[in-house]
Amino acid sequence: MTSQPPEPSPRPVPPGGLRASHDDREAVVERLRDAAAEGRIDFDELDARLEQALTSRTHAELAVLTADLPQVDSPASRPPLVLKGGVYGASRGPGRWEVPGHVIAHGGVGGVKLDFTRVECRLTEVAVEAHGEIAGVTVVIPDGWAADTGGVDPGIGGLTDKTTPDRLPGTPLIRLTGTGGAGGVVVRHPNRRERRKLESNPAQGQVY
C-alpha cells in the first residue's frame, strides 16, 4: 500500500499581507479626501492615490498610501470604556455618547445598562464584554442594529436576546462576549416606555 505524502501546511501570512476588504479601501479613500481638503496633498496626487486605493489588494498596499499623513484618532483605536455597576449601578445613554470600539461592563450589585439608541456609530462592529455578576447587564440597541451573542457564557443568570436579525446596511454589529453570572445579560431593542421617550424627544444622534 502506497503511503500518501503529508499535505503541506499553510504558509503564514506576512505582516500587512492580509487581504483588504471593501470597507478597508473605503476608509483609506475617505482619509485621502480629508487630507486633500486639509491641504496636505494636492488634487493630482489625490487622484493617483485614490486609484491605487481602489485597486489595492492587501493592508500593506493601503498602508503605503497614508504612511505620510498624521494618524487619526478613531473610535476603534481608543481605550475601552469600562462601566462598573458597583453598589448603585451604572449606565451610559440614552443620551448622545462617544462609542469606542470596545466596551466592558461589570454588573456588580447595582447593574449596568448600555443604551445605544441616541447614537449613530460609524464603526462596523462594537465589542461589548458583559459580565452580569449579581445584578446583570442590559444592552439596548436601536431597531435595525443586530447583535452576535455567540461569545456569551450564560452562567446561572442566563442570556436573553430579544433582538431581531434584520440588520440595516451601515449599522454596527454589537458583538457580545462575557458571562451571565447570577444576574444575567440582556440585549434588546427599546421597550414601549423607552420608545415613547424617543418619540417625544426625537433628537438627532451624534456621529462618532
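For the structure, see preceding data.
Residues numbered from 1 in each chain as written. Predicted model: local features only at pLDDT ≥ 70, side-chain atom pairs only at ≥ 80, totals over all residues. Heavy atoms only, no water.

Caption draft 1: Quick look at the sheet that holds strand 8 (residues 146–153). Here five strands make up an open sheet; going across it, the order is 1-3-6-10-8 and the pairing parallel. Looking along the sheet, the strands with just one partner apiece sit at the ends: strand 1 (81–84) and strand 8. Geometrically, the sheet is characterised by an average inter-axis angle of 15° between neighbouring strands, direction not taken into account. As judged from the four bridges shared by strand 1 and strand 3 (residues 102–106), these two strands associate in the parallel manner. (Pairing = 2+ DSSP bridges. Helix = DSSP H or I, 4+ residues; strand = E, 2+ residues; numbered from the N terminus. Axes fitted to C-alpha atoms, helices over the stretch in contact; angles between N-to-C directions.)

Caption draft 2: Representation of helix 3 (residues 59–66) within the structure. Those residues of helix 3 that fall on the buried side of the exposure criterion are Leu62, Leu65 and Thr66. Taken end-on, helix 3 shows its buried residues confined to a sector of 90°, consistent with a single buried face. Where helix 3 is buried, its residues touch helix 1 (22–37) and helix 2 (43–55). (Buried < 20%, exposed > 50% of the residue type's maximum accessible area, 1.4 Å probe, protein only. Arc of directions from axis to C-beta. Contact = heavy atoms within 4.5 Å.)

Caption draft 3: View of a positive patch on the surface. A contiguous patch of positive charge on the surface is contributed by Arg192, Arg193, Arg196 and Lys197. With respect to the element layout, Arg196 can be found in helix 4 (residues 192–200). (Patch = residues over 30% accessible without salt bridge, like charges linked within 9 Å, V, L, I, M, F, W, Y side chains within 5 Å. Areas by Shrake-Rupley, 256 points an atom, 1.4 Å probe, with all protein chains shown as cover. Salt bridge = Lys/Arg side-chain N within 4 Å of Asp/Glu carboxyl O. Lys, Arg positive; Asp, Glu negative; His and termini not counted. Charge placed at Lys NZ, Arg CZ, Asp CG, Glu CD.)

Caption draft 4: Highlighting the pattern of salt bridges. Scanning the model with the defined rule gives nine salt bridges in all. Residue Arg49 is joined to Asp68 by a salt bridge in which the shortest nitrogen-to-oxygen separation is 2.9 Å. Pair noted here: Arg49 is in helix 2 and Asp68 is in the loop between helix 3 and strand 1, with a separation of 19 residues, a long-range link. Owing to a relative accessible area of 9%, Arg49 belongs among the buried residues under this scheme. Owing to a relative accessible area of 53%, Asp68 belongs among the exposed residues under this scheme. Beyond isolated ion pairs, a larger network of salt bridges with shared partners links Glu45, Arg49 and Asp68.

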